[in-house]
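Residue-level structure breakdown
Residues per chain are reported as follows:
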Amino acid sequence: MAVWEKTNFVTDPLWGDNGKGKVIDLMAQRADMVIRINGGPNAGHTVRNEKGEFALHLIPSGIFNPEAVCALAGTVVVNPILLTEEIKNLRKSDIEINGNNLLISRDAHLIMPWHRTRDNLRETSRGNEKIGTTGQGIGPTYSDRSLREGLRVRDLLSPDFVEKFNKEMSYQEKLAGIMSDNTKTVYYNREKILNDLYEAREMIAPMITDVLPVIWNYHSRRKNILGEAGQGMLLDLDLGCYPGVTSSHPGIAGFNLATGIPPKDVARVIGVTKAYTTRVGEGPLPTELCDEIGEKIRKIGHEFGATTGRPRRCGWLDIPALRYGSRVGGIDTLALTKIDIFDTFSEIKICIGYEVDEVKYVTPPEASNELLAKAKPILTSLPGWEKDTSSCKTFNDLPKNAQRFVMSVQEWAGKRIELVSVGSDRQASIYT
Ligand code: IMP
């Protein structure tokens, strides 16, 4: 038995959007603390439970358990305006949020309007080579953090906040002017931004704290801690398919950076993957289906971005990418979501290998754009089950061909599938 058997971490081995929100909402029922470890409002975690349907961007998906403390780690980037909107929306559905159940790290960097301006200016200047970011200012905020510049959550509470803000804003105006080739002068509406920030500060001030000591306190008392990643391993800044990545670390390394809890103290890392693969933004997707099958998956699976509304690109489940992401993300077991999307399919394919320059890979040695762009998927075909799975409660309730699909994915992925999801509701979950 591991010493810290109660620390678990949920991430995604692929390009995000695989249903972490649902799995975390489910697991959080038993959690004492849920910590969002990376990213910012670029994420969109959809949760459907007895309280309604919610698209969360910053607030951990554990917020529906009134007994759990939720925390935003110092490695998250926080847009204070969007955060307060999210809090207001949840409160409208009678979800209680206060300084006891939501903690915001003083160390988190603030996403300001200029970060979004810079994100968009960069994307425009990249032309055909754009990354397809969510436009939320994620890259520029993390860049400022690496440069050791910018404003942090703690600055909102500082007595010299206005001074810091003024300095920062005039620097950012000059920078945006330079980025637009000095063709225009960029001015921000100082009064409006400050007023918005004061309003946000009033709401979130009681939640701002030093999060690390709280995490360590829970950790040393062997409380049930659940880490929640945003995005997925193939979007990891260092291990993903650079440059088509985000600017943070969704894997076990990111969990460690966010919490100060060493990876050896994590009992298990669960990788959430759908029964098929999707990607938003630019960059290669080896199993992409640019035909009516891809369209059918997108339509039945409602594959449109929760943050941007962009249609997601859809393809067969990409096992080589999954194996790569599981390996570099430290994933132990899998949760397989949305198998019900295939309920009407007579045939389902799985990509079980890549052929790259006549070399075959089960686990590719890297996830570079170059390799993925050249990868020819090696597909295997399985018969569909052509039955409704939404009311299945146990593995044995699943049609035989659905069981076979799950077992095949488990075998090809080389990881135990501990949870199968047959619908977006919390209850539509089967423990294997
Ligand atoms: P950024 O994180 O907005 O800078 O976007 C960088 C890349 O990551 C783009 O390809 C985005 O589409 C992708 N991305 C960022 N966040 C998510 C997410 O939560 N789900 C899926 N893709 C994401």
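Bear in mind that the values here come from a model prediction, so they are computed numbers and not experimental data. (Residues numbered from 1 in each chain as written. Predicted model: local features only at pLDDT ≥ 70, side-chain atom pairs only at ≥ 80, totals over all residues. Heavy atoms only, no water.)

1. Things to note about the state of the cysteines
The following threshold applies: Working definition: a disulfide is two cysteine sulfur atoms within 2.5 Å of each other. Buried residues are those whose accessible area, probed at 1.4 Å on protein chains only, stays under 20% of the maximum for their type, while exposed residues exceed 50% and partly exposed ones sit between those limits.
Under the definition given, this model contains zero disulfides. Just so you know, cysteine 241 is unpaired, no disulfide at all, and the nearest cysteine sulfur is the one on cysteine 351, 15 Å from it. Cysteine 241 gets classed as buried once you look at its relative accessible area, which sits at 0%.

2. Examining the packing of helix H3 (residues 113–126) against helix H4 (residues 138–146)
Short version of the rule: The angle between two axes is taken between their N-to-C directions and runs from 0 to 180 degrees, where each axis is a line fitted to C-alpha atoms and a helix contributes only its stretch in contact. Secondary structure elements follow DSSP: runs of H or I of four or more residues count as helices, runs of E of two or more count as strands, with numbering from the N terminus. Roughly parallel refers to an angle under 35 degrees, roughly antiparallel to one over 145, roughly perpendicular to one between 65 and 115, and oblique to any angle outside these ranges. Two helices cross in a left-handed way if the nearer one is turned anticlockwise from the farther one by less than a right angle. They cross in a right-handed way if the turn is clockwise. Contacts between residues were defined by any pair of non-hydrogen atoms, one from each residue, lying within 4.5 Å. Side-chain classes follow a simple rule in which Ala, Val, Leu, Ile, Met, Phe, Trp, Tyr, Cys and Pro form the nonpolar group, Asp, Glu, Lys and Arg form the charged group, and the remainder, Gly included, forms the polar group.
Remark: H3 packs on H4, axes separated minimally by 7 Å, with the N-to-C direction vectors making an angle of 115°. Relative to H4, the element H3 lies roughly perpendicular. The hand of the H3/H4 crossing is right-handed. Facing H3, whose interface residues are His115, Arg118 and Asp119, H4 presents Ile138, Pro140, Thr141, Ser143 and Asp144. Among the residues forming the contact of H3 with H4, the class breakdown is two nonpolar, three polar and three charged.

3. What about the packing of aromatic side chains?
Rules: Two aromatic rings, drawn from Phe, Tyr or Trp (for Trp, its six-membered ring), form a pair once their centres lie within 6.5 Å of each other, and the interplanar angle then sorts them: stacked below 30 degrees, edge-to-face above 60, tilted otherwise. The rule is short: NZ of Lys or CZ of Arg within 6 Å of the ring centre and within 35 degrees of the ring normal puts a charge over the ring.
For the coordinates displayed, the defined rule picks out eleven aromatic pairs. Consider the rings of phenylalanine 342 and phenylalanine 405, whose centres lie 6.0 Å apart with planes at 80°: the pair is edge-to-face. Residue phenylalanine 342 is located in the loop between strand S14 (333–337) and strand S15 (347–356), and its partner phenylalanine 405 is located in helix H13 (residues 400–413); the two are separated by 63 residues in the primary sequence. Comparing phenylalanine 342 with phenylalanine 405, the two get one shared label, buried. Through successive ring pairs, a cluster of aromatic residues spans Tyr276, Trp316, Phe342, Phe345, Trp385 and Phe405. Here lysine 296 stacks its cationic end above the ring of phenylalanine 345, 4.2 Å away from the centre of that ring.

4. Focus on the sheet that holds strand S2 (residues 33–36)
Using the following cut-off: Any two strands are treated as partners once DSSP identifies two or more bridges connecting them.
Taking strand neighbours across the sheet as the criterion, the ten strands line up as S9-S7-S5-S2-S10-S1-S11-S14-S18-S19 in an open arrangement whose pairing is mixed. Edge strands, defined here as strands with exactly one partner in the open sheet, are strand S9 (208–209) and strand S19 (429–431). Examined bridge by bridge, S2 and strand S10 (residues 225–228) share four bridges and lie parallel to one another. Within the sheet, the bridge partner assigned to arginine 36 lies in S10 and is glutamate 228. Sitting on the sheet, helix H1 (residues 20–27) is in contact with strand S1 (7–11), S2, S10, strand S11 (268–274), S14, strand S18 (416–421) and S19, with an inclination near 160° to S1.

5. Quick look at the nonpolar core
To be explicit about the condition: In these notes, a set of buried Ala, Val, Leu, Ile, Met, Phe, Trp, Tyr and Cys residues joined through side-chain atoms within 4.5 Å is what counts as a nonpolar core.
If you look at the biggest cluster of nonpolar residues, it comprises 119 residues, and the most contacted ones within it are Phe165, Phe342 and Phe405. In terms of residues, this core owes the most to one element, S15, which gives six residues. Contacts of phenylalanine 342, omitting those with residues within four sequence positions, involve Ala275, Tyr276, Ile297, Trp316, Ile348, Trp385 and Phe405.

6. Considerations on the site of the ligand
Which entries qualify depends on this criterion: By convention in this text, a residue qualifies as near a molecule or strand provided that one of its non-hydrogen atoms is within 4 Å of it. Identification of polar contacts relies on pairs of N or O atoms within 3.5 Å, with a donor-acceptor requirement for protein atoms, meaning one able to donate a hydrogen and the other able to accept it, and with residues adjacent in sequence counted only if both atoms are side-chain atoms. Note on areas: these come from Shrake-Rupley sampling with a 1.4 Å probe, and a residue is covered only by the protein chains present in the view.
The environment of the ligand is formed by 16 residues, the closest being Asp17, Asn42, Thr134, Thr246 and Arg310. With respect to the ligand, the backbone of glycine 132 contributes an N or O atom lying 3.3 Å from an oxygen atom. Measuring from an oxygen atom of the ligand, one finds a side-chain N or O atom of threonine 246 at 2.6 Å. Contact with the protein chains hides 97% of the accessible area of the ligand, taken as 470 Å² for the molecule alone. A breakdown of the residues in the shell around the ligand according to their chemical character gives seven nonpolar, seven polar and two charged.

7. Focus: helix H10 (residues 292–300)
Rules: Regarding the arc, it is the one traced by the directions from the helix axis to the C-beta atoms.
Buried within H10 are the following residues: Gly294, Ile297 and Arg298. Buried positions in H10, seen along its axis, are confined to an arc of 100° and lie on one side of it. Across H10 from its buried face, at more than 90 degrees, point the exposed residues Glu292 and Lys299. Here the buried face of H10 lies against strand S12 (276–279) and strand S13 (313–318). The residue sitting at the N-terminus of H10 and contributing the capping side-chain oxygen is aspartate 291; that oxygen lies 3.1 Å from the backbone nitrogen of isoleucine 293.

8. Some points on the domain arrangement of the chain
Rules: In this entry, domain limits derive from an automatic or database-based domain assignment. Buried area is calculated as the accessible area (1.4 Å probe) missing from two parts once they are joined, with the contributions of both summed. Any carboxyl oxygen of Asp or Glu within 4 Å of a side-chain nitrogen of Lys or Arg constitutes a salt bridge here.
By domain assignment, the chain separates into domain 1 (7–103 + 210–267), domain 2 (109–203) and domain 3 (273–431). A C-alpha centroid distance of 24 Å is found between domain 1 and domain 2. At the interface, 24 residues of domain 1 touch 18 residues of domain 2. Broken down residue by residue, the surface that domain 1 buries against domain 2 is led by Val77, Pro80 and Ser247, which jointly contribute 28%. At the junction of domain 1 with domain 2, the criterion picks out one salt bridge. Measuring nitrogen to oxygen at the nearest pair gives 3.9 Å for the salt bridge that ties glutamate 199 to lysine 88. Where domain 1 meets domain 2, there are four residue pairs in polar contact (both at pLDDT 80 or more). Breaking the side of domain 1 that touches domain 2 down by element, the ones donating at least two residues are strand S6 (77–78) and helix H2 (80–92).

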